[in-house]
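Architecture and fold: a report
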Amino acid sequence: MSDIDWSALAEKAVSQTDSEFKSQLAGLTSLKTSDIDTFISESNISNTNALAVLKEINNASLSNNDKASAISNIQNGVGFLVKLVSKVV
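Residues numbered from 1 in each chain as written. Predicted model: local features only at pLDDT ≥ 70, side-chain atom pairs only at ≥ 80, totals over all residues. Heavy atoms only, no water.

**Overview of the overall build of the protein chain**
As a reminder, the rule being used: Working definition: helices are DSSP H or I runs of at least four residues, strands are E runs of at least two. Numbering for both runs from the N terminus. Computation of the radius of gyration draws on C-alpha atoms alone. For the globule rule, the value is 2.2 Å times the number of residues to the power 0.38. Should any heavy atoms of two residues lie within 4.5 Å, those residues are considered in contact. To be clear on the numbers: accessible area is Shrake-Rupley with a 1.4 Å probe, and residue cover counts the displayed protein chains and nothing else. Charge counting treats Lys and Arg as positive and Asp and Glu as negative, with His and both chain ends excluded. In plain terms, the charge of a residue is placed at NZ if it is Lys, CZ if Arg, CG if Asp and CD if Glu.
Check the secondary structure of the protein chain and you find 6 helices and 0 strands. When the helices and strands of the protein chain are placed in sequence order, the string is α-α-α-α-α-α. Taking 12 Å as the expected radius of gyration for a compact globule of 89 residues, we find that the protein chain reaches 12 Å, a close match to that expectation. By its C-alpha atoms, the protein chain is 30 × 25 × 20 Å across when sized along the principal axes. Sequence-distant contacts in the protein chain: of pairs separated by 6 or more residues, those separated by 24 or more amount to 61%. Of the accessible surface of the protein chain, which amounts to about 5,300 Å², a share of 49% is contributed by carbon and sulfur atoms. Separation of charge centres in the protein chain, based on 7 positive and 10 negative side chains, amounts to 6 Å.

This is the structure in structure tokens:
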């Protein structure tokens, strides 16, 4: 996942429809678009904020505590992360 330009993807997400966003996110993960639809709607997060959470998770220069702090500052970020983890684990 380190080859992904999260900033560019976040900018693109602003202009994409929800369907396009879910399809692209599904392509980057092993999740189905229906799974993505479910946890995005359940966590009430915007596409931009969902990508901001993923960007923080992928940031290798941050400690886990720094990542947790950054994600807690993203609106609905923690709820999104919990839903995401519940689908992966």
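Here the narrative resumes.
**Focus: the pattern of salt bridges**
The cut-off we apply is this: Salt bridges are defined by distance alone: a side-chain nitrogen of Lys or Arg within 4 Å of a carboxyl oxygen of Asp or Glu. Each residue is placed in one exposure class: buried if its accessible area under a 1.4 Å probe, protein chains only, is under 20% of its type's maximum, exposed if it is over 50%, and partly exposed if it falls in between.
Overall, the coordinates contain 1 salt bridge when judged by the stated rule. Its salt-bridge partner being Lys83, residue Glu42 comes within 3.2 Å of it at the nearest N-O pair. You can see Glu42 sitting in helix 3 (residues 33-43) and its partner Lys83 sitting in helix 6 (residues 77-88), a full 41 residues away along the chain. A residue is classified by how much of its surface remains accessible, and Lys83, at 27% relative accessible area, is partly exposed.

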